[in-house]
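# Architecture at a glance
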Amino acid sequence: DVKVTQSSRYLVKRTGEKVFLECVQDMDHENMFWYRQDPGLGLRLIYFSYDVKMKEKGDIPEGYSVSREKKERFSLILESASTNQTSMYLCASIWRTGWNTEAFFGQGTRLTVV
Amino acid sequence: GQQLNQSPQSMFIQEGEDVSMNCTSSSIFNTWLWYKQDPGEGPVLLIALYKAGELTSNGRLTAQFGITRKDSFLNISASIPSDVGIYFCAGNTGTASKLTFGTGTRLQVTL
């Protein structure tokens, strides 16, 4: 079974703090994604990575950065947390072969910024 | 970013009933995926579809890849209380890793 593990289930941080969300996958997948999920807005792509040290902006990258130093680990960084970044954060690891694709999600991190 | 049209938005059904939901897209996809998300949890992959017309089952769940490659359907037979949750579709064109997600169907099952 594919395992995608996010480092925290729940986090409470103060405005202005630097926040690190970690995601680790055990399937040697090249592609990893970070989403945020908000009621009524669905899943929105923040950043993704095709390989170690490679990163691409998604649809809502402002206020975030990422790090992919090792293939199995993809970190999302909130440089200076703000209350509008309170959300559910989901990491996904993507398997691809030919035209076929499957995405496996972590359990999610519920972040509250106060 | 684009979202897929998923319907219905929510369903209230009685235990034992069958459920149908669908997703439509303006784009052609080479992969359709169906997920279930419980409250406070990450989505779990239920079924993956790779060929137009393909019909795939996973227990009481059956999903179909539409012939036009622009839609997909999920059916749940004989619903039970643990089927409660939000069901998402997702599509992929095959040319890149990005997925496009549906808006979700919230399923409530009453006894």
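Our subject in this report is the structure included herewith. (Residues numbered from 1 in each chain as written. Chains lettered and ligands numbered in written order. Predicted model: local features only at pLDDT ≥ 70, side-chain atom pairs only at ≥ 80, totals over all residues. Heavy atoms only, no water.)

## Comments concerning the side chain of B:Thr31
The topology assignment puts B:Thr31 in strand 4 (residues 31-37). There is a polar contact of 3.4 Å between the side chain of B:Thr31 and the backbone oxygen of A:Trp99. Each residue touching B:Thr31, except ones within four places of it in the same chain, is listed here: A:Trp99, A:Asn100, A:Thr101, B:Leu49, B:Tyr50, B:Phe65, B:Ala90, B:Gly91 and B:Asn92. (Helix = DSSP H or I, 4+ residues; strand = E, 2+ residues; numbered from the N terminus. Polar contact = N/O pair within 3.5 Å; in protein donor to acceptor, adjacent residues only side chain to side chain. Contact = heavy atoms within 4.5 Å.)

## Quick word on the interface of chain B and chain A
With 24 residues of chain B at the contact, the number on the chain A side is 28 residues. Approximately 2000 Å² of surface area, both sides summed, lies buried where chain B meets chain A, with 55% of it carried by carbon and sulfur atoms. On the surface where chain B and chain A come into contact, there are one salt bridge. Between A:Arg9 and B:Glu41 there is a salt bridge; the shortest N-O distance is 3.0 Å. Scanning the region where chain B abuts chain A turns up 12 residue pairs in polar contact (both at pLDDT 80 or more). Elements with a contribution of two residues or more to the side of chain B that touches chain A: strand 4, strand 5 (44-49) and strand 9 (85-92) of chain B. Here the residues of the side of chain B that touches chain A are counted per class, giving 10 nonpolar, 12 polar and two charged. (Buried area = accessible area lost by both parts, 1.4 Å probe. Salt bridge = Lys/Arg side-chain N within 4 Å of Asp/Glu carboxyl O. Nonpolar A, V, L, I, M, F, W, Y, C, P; charged D, E, K, R; others polar.)

## Focus on the state of the cysteines
Residue and element names in this part refer to chain A. Scanning all chains against the criterion turns up two disulfides over all chains. A sulfur-sulfur separation of 1.9 Å characterises the disulfide bridge that pairs Cys23 with Cys91. Measuring the twist about the S-S bond at about -75 degrees, one finds the Cys23-Cys91 disulfide to be left-handed. In this pair, Cys23 is assigned in strand 3 (residues 19-25) and Cys91 in strand 9 (residues 87-97), connecting sequence segments 68 residues apart. Of the two residues, Cys23 and Cys91, both sit in the buried class. (Disulfide = S-S within 2.5 Å. Buried < 20%, exposed > 50% of the residue type's maximum accessible area, 1.4 Å probe, protein only.)

## Considerations on the sheet that holds strand 7 (residues 61-65) of chain B
Backbone hydrogen bonds are what pair the strands of a sheet, in a parallel or an antiparallel way. Residue and element names in this part refer to chain B. The antiparallel open sheet is built from five strands, whose spatial order is 1-3-8-7-6. Strands at the two margins of the open sheet, each flanked by one partner only, are strand 1 (5-7) and strand 6 (55-58). If you compare each strand with its neighbour and ignore which way they point, the axes differ by 15 degrees on average. Pairing between strand 7 and strand 8 (residues 71-76): five bridges, direction antiparallel. The residue bridging Gln64 from the neighbouring strand is Phe73, located in strand 8. (Pairing = 2+ DSSP bridges. Axes fitted to C-alpha atoms, helices over the stretch in contact; angles between N-to-C directions.)

## Some thoughts on the pattern of salt bridges
Residue and element names in this part refer to chain A. Counted under the stated rule, the structure contains nine salt bridges over all chains. Between Lys18 and Glu79 there is a salt bridge whose closest N-O contact spans 3.7 Å. Pair noted here: Lys18 is in the loop between strand 2 (10-13) and strand 3 and Glu79 is in the loop between strand 8 (73-78) and strand 9, with a separation of 61 residues, a long-range link. Lys18 sits in the partly exposed class, given a relative accessible area of 46%. Residue Arg36 is joined to Asp38 by a salt bridge in which the shortest nitrogen-to-oxygen separation is 2.8 Å. Classification of Arg36 by relative accessible area gives buried; the value is 7%. Sharing partners across several salt bridges, the network here consists of Arg36, Asp38 and Arg44.

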